[in-house]
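# Geometric and topological summary
Listed below, chain by chain, are the residues.
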Amino acid sequence: MDRNPMRRQLAIMRQSLFDQGYLDEQFIELEQLQDDANPNFVEEVVTLYYRDSARLILNIQHALERKPFDFNKLDGYMHQFKGSSSSIGANKVKAESTLFREYCRSANAEGCMRAFQQLKKEYATLRKKLEAYFQLARQTGPLETATRPK
Amino acid sequence: MARNGGVTWRRTEKIDGFNFSPTDSTEEVHVLAVDDSLVDRKVIERLLRISSCKVTAVDSGIRALQFLGLDEEKNSDGFNDLKVDLIITDYCMPGMTGYELLKKVKESSVFREIPVVIMSSENVLARIDRCLEEGAEDFIVKPGIFGRRLDSGAVAMSVPCARG
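Remember, it's a predicted structure, so these values are computed and weren't measured experimentally. (Residues numbered from 1 in each chain as written. Chains lettered and ligands numbered in written order. Predicted model: local features only at pLDDT ≥ 70, side-chain atom pairs only at ≥ 80, totals over all residues. Heavy atoms only, no water.)

## Here's the deal with the overall build of chain B
- Looking only at helices and strands, chain B has five helices and five strands in total.
- When the elements of chain B are put in sequence order from the N terminus, they spell out β-α-β-α-β-α-β-α-β-α.
- In chain B, which comprises 164 residues, the proportion classed as buried is 47%.
- For chain B, long-range pairs separated by at least 24 residues make up 63% of all intrachain contacts whose partners lie at least 6 apart in sequence.
- Summing over all exposed atoms, chain B offers an accessible surface of approximately 8,400 Å²; the carbon and sulfur share of this is 51%. (Helix = DSSP H or I, 4+ residues; strand = E, 2+ residues; numbered from the N terminus. Buried < 20%, exposed > 50% of the residue type's maximum accessible area, 1.4 Å probe, protein only. Contact = heavy atoms within 4.5 Å. Areas by Shrake-Rupley, 256 points an atom, 1.4 Å probe, with all protein chains shown as cover.)

Right, dumping it as structure tokens:
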């Protein structure tokens, strides 16, 4: 058990993100790609994700304002969004993306709108939690640094 | 072995200076990574660099062909210092799909020996079959690949013909 209280807090924060289902093992895979030379890799990827996916969220938003819905287009956007979300281990966001796509495929407009609202909530929640986590990590030094065999 | 992500040049003792000897077994594997997703490109680039590969990452099949010198517009004289040993490409991309890129590479007399690995977030058997039939070396379901630590040995083994 780490004696440093901040590091302990960081570890608890990190574990709860997994326990509560916000993150899945894909996040751990990203952590494995971090090392002393690239200590902020995970934060960089997550930052890139939020910056890049904002565009997709906006596209979906606009597409949901045009009736009737172009379900093909919506599904296409969500496919991309789901892909990136999956790559950073955003578990709940990914689940909502899957749900949205199912509604697209069954041409369920109501379902799409509901799923999108829920998705945006999860997306925003995760962002807040990860921002807090990375902020603490920067102060303490990241927990997970991969040690690779030479 | 360079881990800092830059392209490394290895100078040989030959008079003509920079020269990649294809029989040099300690040479880094050069991978051309193709993916329209910014996030995935960043991750795969990092993964490959950690695995001691040189990486060129592009965002489309068209750009991949341009890099190889296979596009219709440019006429490459065939000499490329940055010889590509392996192509890893996403399947679903706007414009040219990974499958179409695979076909172009396999149709080329110059590049058909380069192994092409396809990545996809969707586990569709027909898609996998189609790619393997067209000559893909492997088909990987994302994001599973990002967990792999490709050691140079494993990557080199998937480069059977490129090394001669």
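## A word on the pattern of salt bridges
- Considering all chains together, one arrives at 17 salt bridges over all chains under this definition.
- With its nearest N and O atoms 3.1 Å apart, the salt bridge here joins A:Glu44 to B:Lys42. Of this pair, A:Glu44 sits in helix H3 (residues 41-63) while B:Lys42 sits in helix H1 (residues 38-50), on two different chains.
- Between B:Lys83 and B:Asp85 there is a salt bridge, and its shortest N-O distance comes to 3.4 Å.
- By relative accessible area, which is 39% here, B:Lys83 ends up partly exposed. (Salt bridge = Lys/Arg side-chain N within 4 Å of Asp/Glu carboxyl O.)

## With respect to the environment of A:Gln15
- As for its placement among the helices and strands, A:Gln15 is situated in helix H1 (residues 5-19).
- Along the backbone, A:Gln15 and A:Ser87 are 72 residues apart, and their C-alpha atoms lie at a distance of 19 Å.

## Things to note about the interface of chain B and chain A
- The partner chain A presents 25 residues to the 18 residues of chain B that form the contact.
- Overall, the association of chain B and chain A removes approximately 1,800 Å² of surface from exposure, summing both partners, and the carbon and sulfur fraction of that is 59%.
- A:Asp35 is the partner of B:Arg46 in a salt bridge, and the nearest nitrogen-oxygen pair spans 3.1 Å.
- Linking chain B to chain A there are five residue pairs in polar contact (both at pLDDT 80 or more).
- Residue classes in the side of chain B that touches chain A are distributed as eight nonpolar, three polar and seven charged. (Buried area = accessible area lost by both parts, 1.4 Å probe. Polar contact = N/O pair within 3.5 Å; in protein donor to acceptor, adjacent residues only side chain to side chain. Nonpolar A, V, L, I, M, F, W, Y, C, P; charged D, E, K, R; others polar.)

## So, the state of the cysteines
- In the structure shown here, the tally under the stated rule is zero disulfides over all chains.
- Lacking any disulfide linkage, B:Cys92 is separated from the closest cysteine sulfur, that of B:Cys131, by 10 Å. (Disulfide = S-S within 2.5 Å.)

## A closer look at the sheet that holds strand E1 (residues 30-34) of chain B
Residues and elements named next belong to chain B.
- A sheet is described by the order of its strands in space; here five strands give the open sequence E2-E1-E3-E4-E5, paired in parallel fashion. Both outer strands of the open sheet, strand E2 (54-58) and strand E5 (138-141), are each paired with one neighbouring strand and no more. Direction aside, neighbouring strands of the sheet carry axes that sit 20° apart on average.
- The pairing of E1 with strand E3 (residues 86-90) spans four bridges and is parallel. (Pairing = 2+ DSSP bridges. Axes fitted to C-alpha atoms, helices over the stretch in contact; angles between N-to-C directions.)

## Looking at helix H4 (residues 125-133) of chain B
Residues and elements named next belong to chain B.
- Inspection of H4 places Arg127, Ile128 and Cys131 among the buried residues, and these make up the whole buried set. Within H4, the buried residues cover an arc of 100° as seen down the axis, which keeps them to one side. Exposed and oriented more than 90 degrees from the buried face of H4 are Leu125 and Glu133.
- Looking one or two residues past H4, Gly135 carries a phi angle of roughly 110°, positive in sign. (Arc of directions from axis to C-beta.)

## Some details on the side chain of B:Glu122
- Its location among the elements puts B:Glu122 in the loop between strand E4 (116-120) and H4.
- Reaching out from B:Glu122, the side chain makes a polar contact with the side chain of A:Arg101 at a distance of 3.3 Å.
- The residues touching B:Glu122, leaving out its near neighbours within four places in the chain, are A:His79, A:Arg101, A:Arg105, B:Cys92, B:Arg127 and B:Phe139.

## Structural notes on the packing of aromatic side chains
- All told, the structure shown has nine aromatic pairs over all chains when counted by the stated rule.
- Geometrically, the ring pair formed by A:Tyr49 and A:Tyr123 is edge-to-face, given 6.1 Å between the ring centres and 70° between the ring planes. Of this pair, A:Tyr49 sits in helix H3 while A:Tyr123 sits in helix H6 (residues 109-140), and the two are 74 residues apart along the sequence.
- Using a relative accessible area of 0% as the deciding quantity, one classes A:Tyr49 as buried.
- Taking relative accessible area as the criterion, A:Tyr123 reaches 8% and is therefore assigned buried.
- Where A:Phe81 meets A:Tyr123, the ring centres are 5.6 Å apart and the plane angle is 55°; that geometry is what we call tilted. Linking A:Phe81 in helix H4 (residues 71-87) with A:Tyr123 in helix H6, this pair joins segments that are 42 residues apart in sequence. Here A:Phe81 and A:Tyr123 have matching classes, each one buried.
- Residue placement shows B:Arg46 over the ring face of A:Phe41; its charged tip is 5.7 Å from the ring centre.
- A cation over a ring is seen here: B:Arg130 above B:Tyr99, with NZ or CZ 5.3 Å from the ring centre. (Phe/Tyr/Trp six-rings, centres within 6.5 Å; stacked < 30°, edge-to-face > 60°. Lys NZ or Arg CZ within 6 Å of the ring centre and 35° of its normal.)

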